[in-house]
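The primary structure of each chain is shown beneath.
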Amino acid sequence: MENISKNSNWQRFSLRDWLWTLIVITGTVVAWLIYKDNMDIYEEVILFSIALPTIWLGWYWKSFQTHAYSVAVISLLSIWFYQLNGNIYQANEEVFLLKYLISSQAAIMWMSFLVLLGTVTYFFGLFKQSDFVYKVSTFITWTAATLGFAGLMVRWYESYLISSDYGHIPVSTLYEVFILFIFMTILMYLYYEQKFKTRAMGGFVMLVMSASVLFVLWYVFDRQSHEIQPLIPALQSWWMKIHVPANFVGYGGFSIASMVGVAMLIRLSLEKRRPQSRLLTSLPSLRIMDDIMYRSIAIGFAFFTVATVLGAMWAAEAWGGYWSWDPKETWALIVWLNYAAWLHIRMTKGWHGAPMAWWAVVGLFITTFAFLGVNIFLSGLHSYGEL
Amino acid sequence: MSENKNMSKPTHRKTPTIWLEFLGSMNLAITLLVMLSIASVIGTVLQQNQVIQDYIIKFGPFWHEVYSGLNLYDVYGAAWFMLVLLFLLVTTGVCVTRNTPVFIKDMKQFSEKLSLNALKHQPNHSSFTLDNSIDNVKQHAIESLKQDSFRHRVHQKEDGSVTVAGLKGHWNRLGYFFSHVSIIIICIGALMDSNLYLKYHEWTGSLVPETRNVTLNDVDPKAWLSADNYSYRGNVNITEGNSADVLFLPYGDGYLVQQLPFRIEVTDFRLDYYDNGMPKSYESDILLYADDLDEPLVKTIEVNHPLYYKNYAIYQSSYADGGSKINFNVHALASPHISSSVVESAVNKNESLTTPVGQFRIEFTDFKLYNIVPRDEEEAELTGRKMQNNGPSVLFKVRNEQGTAWEYENFMIPTKQEDRWFYMSGVRTSVADPFRYLFIPADTNRSRDRFFRFLALVNNPQELETILANMAPKPEDMTESTYQTQLRLFSQLITLYRQTGFDGIARFVETNVPQDQQEQVLGFYYDQLASALQMLYLHILDEEGVIKDDAGNITEAHQIWFEDALTSIASLHRYGPPLYFELTNFEQIQSTGLQITKSPGKDVVYFGSALLIIGVFFMFYVRQRRVWIHLKAVGDKTEVTIAAKDNKKLPETEDEFEKFVTQFKA
Ligand code: HEM
């Protein structure tokens, strides 16, 4: 019925996109060939069905290709160095490159540093209105996300080095999901940065990332939380591989929205009190901020919906019931209802500006409680990563 | 939203309309969403379904009344919570039924008949003149719309002008329908699995939960549920080698017994550990017998891998001791002779024990085959393993005739501490306290024999006096009476030490000796005690044949054993009744905790969830867009007006419109 003219669409395809497609497919098949003995049918399905959205994401957002290549190169290099050095976990203490740069722990420490640095430079760029500083910030932030992602990939490999029955995807402890949260949120932010051609939000969004990094550092140095632990029986499930990342797209979207909310409130208050302020010219227009806020809540809400449904299905298989009013489940529902209400108000009452910005900021507190507070203050079936 | 504005402008307001409007209103919907959130917060912050006494202590009687009146201790089962859910269902239902027809119309409508004036009032519009004939431009318009994946409809007006109307993304509206209907579907599924049915029967009095802890046969018949109950979720513990065909459903402050239409037999339960001591897997081998099965189903279930049978699911959910058989040697710690008796029992059994020091009741509560604990850093470094296995242990309570109870945790094999081997036995008088451990040093044969021999001697004043007299003959220059006083002092100090430990001697000195001499006397007593005990120890070693020629020269290891034994005996007066339970033998029997569910609402919920996800993505990521291209011939030229409308105003809408216009002109 819809006569899509192929030519116009295909023209947007450069050689680069074809190469990307080819590499993702090859990578998937090679990974499958190497690891198929360790995978059950669900994991094979997940592996292949992740390839399609990945290809699509690369087409849709070209910069993602570069990012993915860098992650792959760093991870493979690190794995290669492990293999050169006896393929033992202890190599991360002995081999210079691993110890200081690309073992998972080293990469994550670099990520932490770069996140903190990026936050400072973004704000510096904002006050100086310097394009150069801004560009440097963007580069630092991309590098941070790349190292974080690669760090987790390497950690995945390392977990198998420690002991073959320890091996698992690193999304099971609070430490691991924090890294996941940090680099996913950064990526989402970078997408909006490109799309809306404004780097002024960078410092604000990176504030949440910096807070997370500080938490992770405390958690590492005070609690040795980075040590790789095997999986308890309840977590030994392929559901974890999709449930957890989906959740973090949600959390990421909500955090970006809240920080854009903060920027918006600052702008509104400046407009009222100091209309001559130079900062006003650096901050994006209300309309753009409103739009980023809406989009990030929308994508957060959509993925949070998916994650909650997946969680319910997993719960049905692991605990025997799809809904048990477990604190983590309940708080996920609270977060979800909160943003559903936000979306409705915006849609049908047409609220904009300060009230919605405040609401988004409050939303971050609710989200943080669901993410962290539940683990600290409430006990339940979701008792992994307790503090 | 224009639709909603239309909705709220009815011409006649009848009562039912007002009601419907209230029920379908966004304000009500948002209020309900917020109420649900707040209720959920309460449910997680206030611990649910605890013992009433705990609540009274925590909140005081006044607030306890308020909270329990509001049913806050079981929020998710409270009637008002159900009411909020029900209202949400109704609101969403009303909202969907009212909006859907409007939306469907909107989905199908191309609005191709809009007047030129109306087009010029659209959010985006642009007018220009092209040098081509109207027919050519019309063709071009259709092509352009197709190229951008619009569906189109052409409307020929009487005045000769033409409107080509384009529409795309009508799935957006479907998204609204899907996502909102799905909420209703999910709630219905959840209601199917809720305990409304049980609540109803409890209300009519035909169902009464059992609150006593009795055997299955004695359970009140009113607490039984028949096999055709249509949704439930319960637990049952089955010991290896046994089977069960009922489930226990926790209900109110008691439980219900659910008859199952099949029988589950457990042949084996296995627990596996990682090398760091964390549990790695729980597995049960089960057989499922049912009338319509010729052969039983055989399956191993584990966490995350349940057995699905018809519309039942059988999960591995917990494990416990299923009555392991355990044998003991019970040593009398206060007896002047080595003496022990044999007790054969099992976990979850009670025994009564008559001894010279009274009548005791022993309750065996648990048996553990492995006790995996972290090693200290040095040990870990040395062995390369962070964890060590302390071997089998039993947990039991000893209760005297007055009702005082001591709880013990005894290990079967010795553990290594700083290069020495000890048999550990933990004791406590309140479950809230941690165990305090008695460390019985193992002898050269890694047994407790020497310890019990030494202890019996310490307990035996007559014999020890004889031995001491033998080993410390009267020196030439000492008078007989001084010598006897010396021997008596030995004996009294040993008795005092046995009964009260080293601190007991210190306390004795504090109360009986003038202050200025206390230090001196205490030092003297300790010296005397030490040399007396050492003599007894040498006697024991001599008996064992350890010391053959040179009595004064014993090895360091033997010396250390002696010090450990003294510490151990000194703490015996805090160990409870003078009995020591040596675990000699066991046969482990485990039981597995199964959870079995029948959940007909599950598929309904899953279907609703799928719709919800699809709907949400359609709503967010499909934009419904309209374009009108109005053409009017002016001579051989054509006057073009292009207008566009998006159902969501986005920053790119304008850019896209301009791009469309530019391309159209080209
Ligand atoms: C738990 C219950 C509900 C959830 C999760 C939910 C979710 C949503 C979401 C995510 C949107 C999309 C907002 C956007 O595109 O920005 C939406 C739109 C909408 N909802 Fe709900 N909703 C719920 C209940 C209701 C109720 C009870 C009503 C009726 C009062 C309602 C009426 C609407 C309307 C009219 C729209 C706008 C649709 C459009 O114009 O595209 N919703 N809803």
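Residues numbered from 1 in each chain as written. Chains lettered and ligands numbered in written order. Predicted model: local features only at pLDDT ≥ 70, side-chain atom pairs only at ≥ 80, totals over all residues. Heavy atoms only, no water.

*Asks:* What is the right way to look at the overall build of chain A in this model?
*Replies:* Helix and strand content of chain A: 15 helices and zero strands. Its C-alpha atoms give chain A principal-axis dimensions of about 65 × 60 × 50 Å. Here chain A, with 387 residues, has 57% of them falling under the buried criterion. Considering only intrachain contacts with a sequence separation of at least 6, the fraction spanning at least 24 residues in chain A is 75%. Here chain A contributes 24 positively and 22 negatively charged side chains, and the mean placements of these two sets differ by 18 Å. (Helix = DSSP H or I, 4+ residues; strand = E, 2+ residues; numbered from the N terminus. Buried < 20%, exposed > 50% of the residue type's maximum accessible area, 1.4 Å probe, protein only. Contact = heavy atoms within 4.5 Å. Lys, Arg positive; Asp, Glu negative; His and termini not counted. Charge placed at Lys NZ, Arg CZ, Asp CG, Glu CD.)

*Asks:* Help me understand the coordination of the iron atom of the ligand, please; the structure alone is not making it clear to me.
*Replies:* Geometry reference: four tetrahedral donors at a metal, ideal angle 109.5 degrees. Six octahedral donors, ideal angles 90 or 180 degrees. All of the protein donors around the iron atom of the ligand are H344(A) (NE2) and H180(B) (NE2); their distances to the metal are 1.8 Å. Residue class for H344(A) comes out partly exposed when judged on its relative accessible area of 23%. (Donors = N, O, S within 2.8 Å, 3.2 Å for Na, K, Ca; no water.)

*Asks:* Sorry if this is basic, but what is going on with the sheet that holds strand β3 (residues 162-168) of chain B here?
*Replies:* Strands belonging to one sheet form pairs held by backbone hydrogen bonds; the direction of such a pair is parallel or antiparallel. Residues and elements named next belong to chain B. Strand order in the open sheet made by the five strands is β1-β26-β25-β3-β2, with antiparallel pairing throughout. The outermost strands of the open sheet, each flanked by one partner alone, are β1 (124-130) and β2 (151-156). Each adjacent strand pair in this sheet contributes to an overall mean axis angle of 15 degrees, direction not counted. When β1 meets strand β26 (residues 637-646), the two strands line up antiparallel, connected through seven bridges. Its bridge partner being in β26, L130 is matched across the sheet by T638. (Pairing = 2+ DSSP bridges. Axes fitted to C-alpha atoms, helices over the stretch in contact; angles between N-to-C directions.)

*Asks:* What is the right way to read a nonpolar patch on the surface from this model?
*Replies:* Residues and elements named next belong to chain A. A surface patch of nonpolar side chains, amounting to about 600 Å² of accessible area, comprises I25, V29, V30, L33, I34, Y35 and F48. It is helix α2 (residues 15-35) that contributes the most residues to the nonpolar patch, six residues altogether. Of note, V30 is situated in helix α2. A relative accessible area of 41% places V30 in the partly exposed class. (Patch = residues over 30% accessible without salt bridge, like charges linked within 9 Å, V, L, I, M, F, W, Y side chains within 5 Å. Areas by Shrake-Rupley, 256 points an atom, 1.4 Å probe, with all protein chains shown as cover. Salt bridge = Lys/Arg side-chain N within 4 Å of Asp/Glu carboxyl O.)

*Asks:* Even after reading the chapter, I still don't get the packing of aromatic side chains, so can you show me in this structure?
*Replies:* Residues and elements named next belong to chain A. Enumeration according to the criterion identifies 78 aromatic pairs over all chains in this entry. Each ring, one from W56 and one from Y60, has its centre 4.9 Å from the other, and the planes form 15 degrees; the classification is stacked. One end of the pair, W56, and the other, Y60, are both in helix α3 (residues 41-60), four residues apart, so they sit about a helical turn from each other. Of the residues examined, W56 reaches a relative accessible area of 47% and is grouped as partly exposed. Residue Y60 is classed as partly exposed on the basis of its relative accessible area of 48%. (Phe/Tyr/Trp six-rings, centres within 6.5 Å; stacked < 30°, edge-to-face > 60°.)

*Asks:* What's the story with empty space enclosed by the protein in this structure? I'm lost.
*Replies:* A water-sized probe rolled over the atoms picks out the places where empty space is left. Residues and elements named next belong to chain B. What the rule picks out here adds up to five cavities of 30 Å³ or more. Those elements giving two or more residues to the lining of the largest cavity turn out to be β25 (625-634), β26 and α17 (651-665). In terms of residue class, the lining of the largest cavity is made up of five nonpolar, two polar and five charged. (1 Å grid on protein atoms, 1.4 Å probe; cavity = no way out; pocket = protein on both sides within 12 Å on 5 of 7 lines; lining within 4 Å. Points joined across faces, edges and corners; volume = space filled by probe spheres on them. Nonpolar A, V, L, I, M, F, W, Y, C, P; charged D, E, K, R; others polar.)

*Asks:* Sorry, what's going on with the sheet that holds strand β13 (residues 340-346) of chain B here?
*Replies:* All names here are of chain B. The strand order across the open sheet formed by three strands is β13-β12-β23, and the pairing between neighbours is antiparallel. Of all strands in the sheet, those bounded by a partner on one side alone are β13 and β23 (579-587). Taking the axes of each pair of neighbouring strands and ignoring which way they run, one obtains an average angle of 25 degrees across the sheet. Pairing of strand β12 (residues 325-332) with β23 involves eight bridges; the strand directions are antiparallel. Of the residues in β23, the one forming a bridge with F328 is L583.

*Asks:* Looking at this model, I keep getting lost on the side chain of H558(B). Mind explaining?
*Replies:* Tracing the backbone through its elements, the reader meets H558(B) in helix α15 (residues 556-570). Beyond its immediate stretch of four places on either side in the chain, H558(B) contacts T444(B), R450(B), Y537(B), L541(B) and V546(B).

*Asks:* Help me understand unusual backbone geometry in this model?
*Replies:* The phi torsion of most residues other than glycine is negative, and most of the peptide bonds are trans. Residue and element names in this part refer to chain B. Residues other than glycine seldom take positive phi values, yet K310 does so here, at roughly 50 degrees. Looking at the element boundaries, K310 is found in the loop between β10 (307-309) and β11 (312-321). According to the relative accessible area criterion, K310 is exposed, its value standing at 58%. Its identity is not glycine, yet R446 carries a phi of approximately 55 degrees, on the positive side. Among the secondary structure elements, R446 is positioned in the loop between β22 (436-441) and α11 (449-458). Taking relative accessible area as the criterion, R446 reaches 43% and is therefore assigned partly exposed.

*Asks:* What exactly am I supposed to notice about the pairing of strand β24 (residues 590-598) of chain B here?
*Replies:* The side chains of a regular strand alternate between the sheet's two faces. Residues and elements named next belong to chain B. Among the nine residues that make up β24, nine are buried, leaving the element largely enclosed by the rest of the structure. Residues Q590, T592, L594, I596 and K598 line one face of β24 and the alternating positions S591, G593, Q595 and T597 line the opposite face, and both faces are buried. Across eight bridges, the pairing between strand β5 (residues 232-239) and β24 is antiparallel. Note on β24: the bridge partner recorded for Y232 is K598. As paired strands, β11 and β24 are joined by nine bridges and run antiparallel to one another. Residue pairing across strands places A320 opposite S591, the latter belonging to β24.

*Asks:* Explain the interface of chain B and chain A here, please?
*Replies:* Listed by partner, the interface residues are 56 residues for chain B and 61 residues for chain A. For the chain B and chain A pair, buried surface summed over both sides reaches about 4900 Å², with 63% attributable to carbon and sulfur atoms. At the boundary of chain B and chain A, one finds one salt bridge. Residue K280(B) is joined to D165(A) by a salt bridge in which the shortest nitrogen-to-oxygen separation is 2.7 Å. Along the contact surface separating chain B from chain A lie 13 residue pairs in polar contact (both at pLDDT 80 or more). The class makeup of the residues in the side of chain B that touches chain A is 29 nonpolar, 17 polar and ten charged. (Buried area = accessible area lost by both parts, 1.4 Å probe. Polar contact = N/O pair within 3.5 Å; in protein donor to acceptor, adjacent residues only side chain to side chain.)

*Asks:* Please clarify how the pattern of salt bridges should be interpreted in this entry.
*Replies:* Think of it this way: side chains of opposite charge can pair up when their charged atoms draw near. Residue and element names in this part refer to chain A. Applying the stated criterion to the full structure yields 29 salt bridges over all chains. The partner of D17 in a salt bridge is K62, with the nearest N and O atoms 3.1 Å apart. One end of the pair, D17, is in helix α2; the other, K62, is in helix α4 (residues 62-84), and 45 residues separate them in sequence. Classification of D17 by relative accessible area gives buried; the value is 1%. Looking at K62, the relative accessible area reads 33%, which means it is partly exposed.

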